[in-house]
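Report on the structure
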Amino acid sequence: MVELGPDGELLGLRFNNRSAAPITDIPFDEMAGYYTAYRHLAEIIERPESEVTFKMAPGDLFIVDNTRVLHARKAFSGSGSRWLQGCYADKDGLLSTLAAIEEELPEAAE
C-alpha cells in the first residue's frame, strides 16, 4: 500500500478498499494497529476537502499516473447511459520498451 525507497522516501501510495486482498503478512499482534491505521488512512483519503471533481463530456480523455494520484469515480445516478473505457499502461513496461528502442536506435535518445 505504501511504497518507500531505500532512504525512506515515499515512492507510491496505492489504496483500494473495494477489492483489496486479505492482508496476511502482518504478525497477529500487530494486526489491530494495522487496521486502525488503515481506517485512519481511508478517512483522510475520503475527506471532501481533498477531492477534485469534474464531469466529463463525450469525447473527453482523462489521463492519470496511478503512482502519483489517487483517483476514483462517483456513482452514476443520471438517466441515460454511461460508457467509460479504461486503459492501463505500467511504467515498467513503457521504460523497458523505450530502453530497447534507444539501444536499437541510439539517435532516438537524442
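Owing to the predicted nature of the structure, the values given are computational and were not obtained by experimental measurement. (Residues numbered from 1 in each chain as written. Predicted model: local features only at pLDDT ≥ 70, side-chain atom pairs only at ≥ 80, totals over all residues. Heavy atoms only, no water.)

**A few points about the overall build of the chain**
Note the cut-off: Put simply, DSSP H or I for four residues or longer makes a helix, DSSP E for two residues or longer makes a strand, and each gets a number counted from the N terminus. Think of it in three bands: with a 1.4 Å probe and only protein chains considered, a residue is buried below 20% of the maximum accessible area for its type, exposed above 50%, and partly exposed in between. Here the positive residues are Lys and Arg and the negative ones are Asp and Glu; neither His nor the chain ends is included. Every charge is mapped onto a representative atom, which is NZ of Lys, CZ of Arg, CG of Asp or CD of Glu.
When its secondary structure is counted, the chain shows two helices and two strands. Secondary structure elements of the chain, listed N to C terminal, follow the sequence β-β-α-α. Overall, the C-alpha framework of the chain stretches about 55 × 50 × 25 Å when taken along its three principal axes. In the chain, which comprises 110 residues, the proportion classed as buried is 8%. The averaged location of the 19 negative side-chain charges in the chain is 15 Å from the averaged location of its 10 positive side-chain charges.

**Remarks on the nonpolar core**
Basically, it comes down to this: Nonpolar cores were defined as sets of buried Ala, Val, Leu, Ile, Met, Phe, Trp, Tyr and Cys residues, with membership established by side-chain atoms within 4.5 Å. Residue contacts follow a heavy-atom distance rule, with two residues in contact if any of their heavy atoms lie within 4.5 Å.
By size, the foremost hydrophobic cluster in this structure holds seven residues: F15, I26, M31, Y34, Y38, L41 and A42. Apart from the residues within four sequence positions on either side, L41 is in contact with M1, L13 and F15.

**Remarks on the environment of G86**
Here G86 is to be found in the loop between α1 (28-45) and α2 (91-104). Sequence separation between G86 and P106 is 20 residues; the distance between their C-alpha atoms is 33 Å.

**A closer look at the packing of aromatic side chains**
Condition: Pairing of aromatic side chains here covers Phe, Tyr and the six-membered ring of Trp, requires ring centres within 6.5 Å, and sorts the geometry by plane angle: under 30 degrees stacked, over 60 edge-to-face, intermediate tilted.
Summed over the entire model, instances satisfying the criterion amount to five aromatic pairs. On the numbers, 6.2 Å between centres and 70° between planes, the contact of Y35 with Y38 is edge-to-face. One end of the pair, Y35, and the other, Y38, are both in helix α1, three residues apart, so they sit about a helical turn from each other. Grouping aromatic residues by their ring pairs yields a cluster made of F15, Y34, Y35 and Y38.

**Looking at the environment of N17**
In this fold, N17 is placed in the loop between β2 (10-13) and α1. Among the residues examined, N17 registers a relative accessible area of 37% and is labelled partly exposed. Put simply, N17 and V64 are 47 residues apart on the chain and 19 Å apart in space, counted from C-alpha to C-alpha. Apart from the residues lying within four places of it in its own chain, the contact partners of N17 are Y38 and E46.

**Observations concerning α1**
In an α-helix, one turn spans 3.6 residues; hence positions three or four apart end up facing the same way. Counted only if it meets this: Helix span is expected to be 1.5 Å times the residue number reduced by one.
With 18 residues, α1 ought to run about 26 Å at 1.5 Å a step, and its terminal C-alpha atoms sit 26 Å apart, in line with that. Residues of α1 that are buried: M31, Y34, Y38, L41 and A42.

**Notes on a nonpolar patch on the surface**
The test is simple: Patches here: salt-bridge-free residues with over 30% relative accessible area, like charges joined within 9 Å, nonpolar side chains (Val, Leu, Ile, Met, Phe, Trp, Tyr) joined within 5 Å. Note on areas: these come from Shrake-Rupley sampling with a 1.4 Å probe, and a residue is covered only by the protein chains present in the view. Any Lys or Arg side-chain nitrogen found within 4 Å of a carboxyl oxygen on Asp or Glu counts as a salt bridge.
On the surface, V52, F54, M56, F62 and L84 cluster together into a nonpolar patch covering about 510 Å² of accessible area. Relative to the helices and strands, V52 resides in the loop between α1 and α2. Among the residues examined, V52 registers a relative accessible area of 71% and is labelled exposed.

**Here we look at the environment of L84**
Secondary-structure assignment places L84 in the loop between α1 and α2. In this structure L84 comes out as partly exposed when scored by relative accessible area, which is 45%. Sequence-wise, L84 and L61 are 23 residues apart; in three dimensions their C-alpha atoms are separated by 9.8 Å.

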